[in-house]
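Observations on the model geometry
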Amino acid sequence: MKNRTLCLALGLSALATVGFAKKEQKNVLFILVDDMQKTSIHAYGNTQVVSPNIDRIVQEGVSFGHAYTNGSLGGALSMPSRAMIMTGRGVYQVKQDGAVIPESQVTLPELLRANGYETFGTGKWHADKKSFNRSFEKGDHIFFGGMHQYNQNGHMSPRLHHYDPTAEYKEPFVGDKFSSEMYADAAVKFLSERKKNDRPFFAFVAFTSPHDPRNQHPGYGHTYHPEEMELPVNYLPQHPFDNGELKIRDEVLLPFPRTEEMIRKDLADYYGMISEVDVQIGRIIQTLREKGELENTILIFASDNGLAVGRHGLLGKQNLYEHSISVPLVMVVPGMEKGVRSESLCYLYDIYPTVCDLLQIQPAASVTGRSLLPVLQNPEQKHRDQLFLAYNSSQRALVKDNWKYIIYNVDGVVTEQLFDLSNDPDEMINLATDAKYAFKKDAYKRILKEEMKKNNDFCDLDRHFWRGKPGKMTWEEALKLYN
Amino acid sequence: MYRGSMENTKINRSLLFGCMGLLFAPSGLMEAASEEHPNLLVVMADQFRGDALGFRGKEAVKTPNLDQFAQEAVVLTQAVSGYPVSSPARGMFLSGAYPHENGVLTNCQSESAHQGVELRQDLTCWSDVLAQAGYATAYIGKWHLDKPYTPYVDCSNNKGEMAWNEWCPLERRHGFDYWVAYGTYDRHLRPLYWNKDSKRDEFYYVDQWGPEHEADLAIQYLDSIRSTGKPFAMMVSMNPPHTGYEQVPDRYKQEYTTLNVDSIANSLPSLMQSDEKYIQLFKRSVANYYACITGVDEQFGRIIQALKKNGQYDNTIVVFVSDHGDSMGMHNNIGKNIFYEEAMRVPFLISYGKQLTPRIDQDLLISLEDFCPTVLSLMGFQQEIPATVQTRDLSEQIRGNREKMPSSQLYMFYGAVNETGKNLTTGARGVRTLQYTYAIRYKDGVITEEHLYDRKTDPFQLNNIAGKHPELAKQLRTELKQRMEAVHDPALSVL
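Residues numbered from 1 in each chain as written. Chains lettered and ligands numbered in written order. Predicted model: local features only at pLDDT ≥ 70, side-chain atom pairs only at ≥ 80, totals over all residues. Heavy atoms only, no water.

Topic: the domain arrangement of chain A
Residue and element names in this part refer to chain A. Under the convention used in this document: Domain limits in this description derive from either an automatic procedure or a database domain assignment. Two residues form a contact once any of their heavy atoms are found within 4.5 Å. Joining two parts hides part of their accessible area as seen by a 1.4 Å probe, and the buried area is that hidden amount summed over both. Counted as salt bridges are all cases of a side-chain nitrogen of Lys or Arg within 4 Å of a carboxyl oxygen of Asp or Glu. Distance and chemistry together define a polar contact, namely a pair of N or O atoms within 3.5 Å, with one atom able to donate a hydrogen and the other to accept it when in protein, and with adjacent residues in sequence counting only for side-chain atoms on both sides. Secondary structure elements follow DSSP: runs of H or I of four or more residues count as helices, runs of E of two or more count as strands, with numbering from the N terminus. Each residue gets one label: Ala, Val, Leu, Ile, Met, Phe, Trp, Tyr, Cys and Pro are nonpolar, Asp, Glu, Lys and Arg are charged, and the others, such as Gly, are polar.
Assigned domains of chain A: these are domain 1 (2-380) and domain 2 (387-480). With 36 residues of domain 1 at the contact, the number on the domain 2 side is 34 residues. Here domain 1 meets domain 2 over a buried area of about 2,900 Å², counting both sides, of which 61% is carbon and sulfur. When the area that domain 1 buries against domain 2 is broken down by residue, the three leading residues are Leu-73, Tyr-92 and Leu-320, summing to 26%. Applying the counting criterion to the domain 1 and domain 2 interface returns three salt bridges. Glu-322 is the salt-bridge partner of Lys-404, the closest N and O atoms lying 3.0 Å from each other. On inspection of domain 1 and its partner domain 2, the count reaches 20 residue pairs in polar contact (both at pLDDT 80 or more). Put simply, the parts of the chain that give the side of domain 1 that touches domain 2 at least two residues each are β4 (71-72), α8 (322-325) and β14 (346-347). Residues belonging to the side of domain 1 that touches domain 2 are distributed by class as follows: 17 nonpolar, 14 polar and five charged.

Structure follows, in structure tokens:
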């Protein structure tokens, strides 16, 4: 009898070491929205916006209050942001500002796919088609591009593709529902059709809301009235100086100066898009719940970048203020604490190694991001000492210890800003010219230069023209920089 | 100068003198590797699938050293082994001649030995050329090019129905001087070797994982050759991840204890349609297979490290390949020897210091057997490519030139070798293009199967469309015929 128990124990321990230790294979649902400010979520204190499903996610997971996209070379911030998320690499490590994801950069879904995961993608893909197919073995209602065009009826008639195994994706079809609904339809169908013993899945749902065009809204969601909208506290009719990017598409959607009436209307349209995408997000989560898979799924919710919508007199995201460059990021991990918030500094491209850690899969060699697992386990845990942010060849910033330093160079004209984010989260009081903080400003500038050098920045703050010549960097030039 | 039994053969003597006459007066022998004539390091693994490289993102295997090497090398993602089984692949690799010319029609073992299947002694291989040119030459590991003869060597894999492992005498080593090698022997944790001076019965065992021992030897060799200053050509032929997957050190097995084996298996349609026993085989094998690969990767990394530490790296052409892939149950197949991607495609990475710009080449339809003329060309010995070479010099294309790109890769299989005279009328032939895989199987001179797969729309090769697209099949059969004609393939009569 004793021998038998011994044998059994030995046998079991042998099995364990030999690799029959069945780890839980959690699913991953990654919901990415487009141009959503972190301050436009009800659960984060915005009493005006209606976002019950996103609120639910916030209540269930760990929120990262200081998550950022690393920046962009060109004006379409979404392109590098998404490439960085997918590859786990920084802004100067993606190819052609994110337009192409080369094979040498193994994407997160691609890696999971090699590890037996069923990978599914719907919605926006701003990189090349081949990388979409390497990443996802299934997909539907796929949108290749940056935004739905105004002259093609915007979100109401999205130009979409069904999955094409040859990756040619020739002619898109015209979706007959609002974009968000089409993407949710595809996700719900995928999740509904899965069977009990299927492989674990990685589903990527990349909504195009609340990116513009915002001139049309679907029949569902919440309607906002401009006259009831509260202006943001840091609303300005005009940006106080030339930040080098005041004439880009995003900024000229409305004329200068932005009147209060214009911004109230803009906000009503903006919140309208947020409420509608919130409804669609709810559908997907409900499907997971009905399938009994919610308890076995890691849920990630984020936006690729934010949007100004009237703050600082800006409308777009081609700037380094909190509203534009900082993003909402929530991770719901079954078994971990709920409704917790971390202030640790992180980049969106840290998501990739974090998911790998959670699934006990080694990230690909091409990943340079840093895993947030220690922060998920202890929200007080420091993650990065500082973050550097970059826009084009005209704006750089350093975020550290709840202060932000921004420096601009527009044709040789340099402007500096210094914000105390703990007391002035809306970045209204520029302390750069305050002698009391001169020491801090100089220190931040020095550290920013170090970060730029470390990250192989093509700009040098010590040069008169940062990139060595005057004028704004063109799209073509930007694409050739890091190849 | 190379001595030895080569002088015994008339053919070789004339070749030897011929070469000497062309280029080398005794004073012209090389003192050291130059930019014109670099060193060569070949590391060949066994049964290592082309997709099983971590940086390719296709299989869940970890190969940090090869990942790093890929940043410094030309990565040839289309590379295949044209006759994807051990001895035939190795025979072609060394000689650049096809089986009907080089003698290795199938694996060297006691049955095929009756048909004389082994590498022709008188054929000039790339190692012969380099030895004649004054290179220090070294061979470490699996060789598998000699026919076993009685009384068979007294080791475990010679005790079954067939005998496999045979000694390679001095005169059959094709110019390799330093020698620690064996025929074929799969006990990876306690490998067997003969060294340069060992007699046939003087083989010995080493209580160390084969690749690790072989890397130790390689590093010692690199250190010692450095002090002589001679140019060197070394081939290290590691056995893992060949079957015997479980025979791998625990520290590599630990890396895969949490591998999603079921999910990975379920994600491969080419496996899921196989018999249950093959699906189970895959599930039992894949974690250890990857463990072996991680081990081979680590040992490869050690050798590269030594090259770099010694300052030899920049002036050495480094090549990492495998003799064939591994079906592991996919397409109802175990092992190799078949025209599906998992069996045919092999890793093929080549670096040459700063002379070759690192890149991933997705278009070059290179075969393992093209190695001989290609490497001789890259090493500055284009004029010395033996007349018997039938494969292609693709050195220009490896350098990045897109002209004269090959239109296809040849696939071959010789069946029924153990029965006299039947090997030319039973077997398989095929061509692989960038989009299609086409193959025919024949028995006693009659074609029994025709296969055509469109890998663009059907990457797992599940749908044989030969019947549905006869025009396309005909086109590819013509391409096959042309390729076979060009190399005087005796099986041409079947077509």
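Continuing now.
Describing the sheet that holds strand β12 (residues 329-332) of chain A
Residues and elements named next belong to chain A. Put simply, the rule is: The pairing criterion is simple: DSSP has to find at least two bridges between the two strands. Only the contacting stretch of a helix is used when fitting its axis, a line to C-alpha atoms as for every element, and angles between N-to-C directions run 0 to 180 degrees.
Read across the sheet, eight strands follow the order β6-β5-β9-β1-β10-β12-β2-β13 without closing on themselves; strand pairing throughout is mixed. What marks the edges here is a single partner per strand, and that holds for β6 (138-144) and β13 (340-342). Between one strand axis and the next, the sheet turns by 15° as a mean value, whatever way the strands run. Pairing between strand β10 (residues 297-303) and β12: four bridges, direction antiparallel. Bridge pairing in β12 links Phe-301 to Val-330. On the sheet, helix α2 (residues 52-60) packs against β2 (62-64), β10 and β12 and is oriented at approximately 65° with respect to β12. Its contacts with the sheet put helix α9 (residues 351-359) on β1 (27-33), β10 and β12, and the angle it makes with β10 is roughly 170°.

A word on the sheet that holds strand β11 (residues 409-414) of chain B
Residue and element names in this part refer to chain B. The sheet built from four strands is open, its strands ordered β11-β12-β13-β14 with antiparallel pairing. Strands with a single pairing partner mark the edges of an open sheet, and in this sheet they are β11 and β14 (446-454). Across the sheet, the axes of successive neighbouring strands diverge by a mean angle of 10°, strand direction being ignored. Across six bridges, strand β12 (residues 427-432) lies against strand β13 (residues 436-443) in antiparallel orientation. Each bridged residue has a counterpart across the sheet, and for Gly-430 the counterpart in β13 is Ala-439. Its contacts with the sheet place helix α15 (residues 470-486) against β11, β12, β13 and β14, and it is angled at close to 70° to β13.

Description of the interface of chain A and chain B
Taken residue by residue, the interface counts 23 residues in chain A and 23 residues in chain B. Both sides together, the interface formed by chain A and chain B hides about 1,900 Å², and carbon and sulfur atoms give 45% of it. Of all residues in chain A, the largest losses of buried area upon contact with chain B belong to Glu-103, Ala-114 and Arg-199 of chain A, amounting jointly to 27% of the total for that side. Glu-103 of chain A is the salt-bridge partner of Arg-56 of chain B, the closest N and O atoms lying 2.7 Å from each other. Our enumeration of links across chain A and chain B arrives at six residue pairs in polar contact (both at pLDDT 80 or more). Only α1 (2-20) and α4 (108-114) of chain A provide two or more residues apiece to the side of chain A that touches chain B. If you tally residues by element for the side of chain A that touches chain B, the top one is α4 of chain A, at three residues. Considered class by class, the residues forming the side of chain A that touches chain B number seven nonpolar, ten polar and six charged.

Description of the pattern of salt bridges
What counts is decided by this rule: For the exposure calls, accessible area comes from a 1.4 Å probe over protein chains only, and a residue counts as buried if that area is under 20% of its type's maximum, exposed if over 50%, partly exposed in between.
Under the defined criterion, the tally for this structure stands at 70 salt bridges over all chains. As a salt-bridge pair, Lys-265 of chain A and Asp-269 of chain A come within 2.8 Å of each other at their nearest N and O atoms. Placement of the pair is Lys-265 of chain A and Asp-269 of chain A together in helix α7 (residues 260-290), with a separation of four residues, close to one helical turn. Relative accessible area serves as the criterion here: at 42%, Lys-265 of chain A is assigned to the partly exposed category. With relative accessibility at 15%, the residue Asp-269 of chain A sits in the buried group. Taking the shortest distance from any N to any O, the salt bridge between Arg-120 of chain B and Glu-101 of chain B comes out at 3.9 Å. In this pair, Arg-120 of chain B is assigned in the loop between α5 (110-113) and α6 (126-132) and Glu-101 of chain B in helix α4 (residues 99-102), connecting sequence segments 19 residues apart. Here Arg-120 of chain B falls in the partly exposed class, since its relative accessible area comes to 29%. When salt bridges that share partners are traced, they join Asp-35, Asp-212, Arg-249, Asp-250 and Lys-317 of chain A into one network.

Let's talk about the packing of α2 of chain A against α7 of chain A
Residue and element names in this part refer to chain A. For clarity, the threshold we go by: Orientation labels follow simple angle bins: below 35 degrees gives roughly parallel, above 145 gives roughly antiparallel, 65 to 115 gives roughly perpendicular, and whatever is left gives oblique.
Put simply, α2 and α7 touch, their axes get as near as 7 Å, and they point 55° apart. Considering their axes alone, α2 and α7 lie oblique with respect to each other. In this structure, α2 uses Pro-52, Asn-53, Ile-54, Arg-56 and Ile-57 to contact α7, whose residues at the interface are Asp-278, Val-279, Ile-281, Gly-282, Ile-285 and Arg-289. Taken together, the residues of the contact of α2 with α7 break down into six nonpolar, two polar and three charged.

Focus on α2 of chain A
All names here are of chain A. Stated precisely, the cut-off is as follows: Relevant arc is that of directions from the helix axis to the C-beta atoms, nothing else.
Of the positions making up α2, those classed as buried are Ile-54, Asp-55, Ile-57 and Val-58. Mapping the buried residues of α2 onto a view down its axis gives an arc of 155°, with all of them on the same face. Residues of α2 that are buried in the fold lie against β2, α7, β10 and β12.

Focus: helix α7 (residues 210-228) of chain B
Residue and element names in this part refer to chain B. Rules: By this rule the span expected of a helix is its residue count minus one, scaled by 1.5 Å.
With 19 residues, α7 extends 27 Å from end C-alpha to end C-alpha; this agrees with the ideal 27 Å at 1.5 Å per step. Turning to α7, its buried residues number three or more, namely Gly-210, Pro-211, Glu-212, His-213, Glu-214, Ala-215, Leu-217, Ala-218, Ile-219, Tyr-221, Leu-222 and Ile-225. Looking at the packing, one finds that the buried side of α7 touches β3 (136-142), β4 (178-182), β5 (192-195), β7 (232-237), α8 (250-253) and α11 (276-309).

Some details on the confidence of the model for chain A
In low-pLDDT segments, the atomic positions of the prediction should not be examined closely. So the rule is basically this: Each residue carries a pLDDT score, the predictor's confidence in it, ranging from 0 to 100.
Within chain A, residue pLDDT values average 93, and 95% of them lie at 70 or more. Note on residues 6-22 of chain A: pLDDT under 50 across the span, and seven contacts to partners over four residues away in sequence or across chains.

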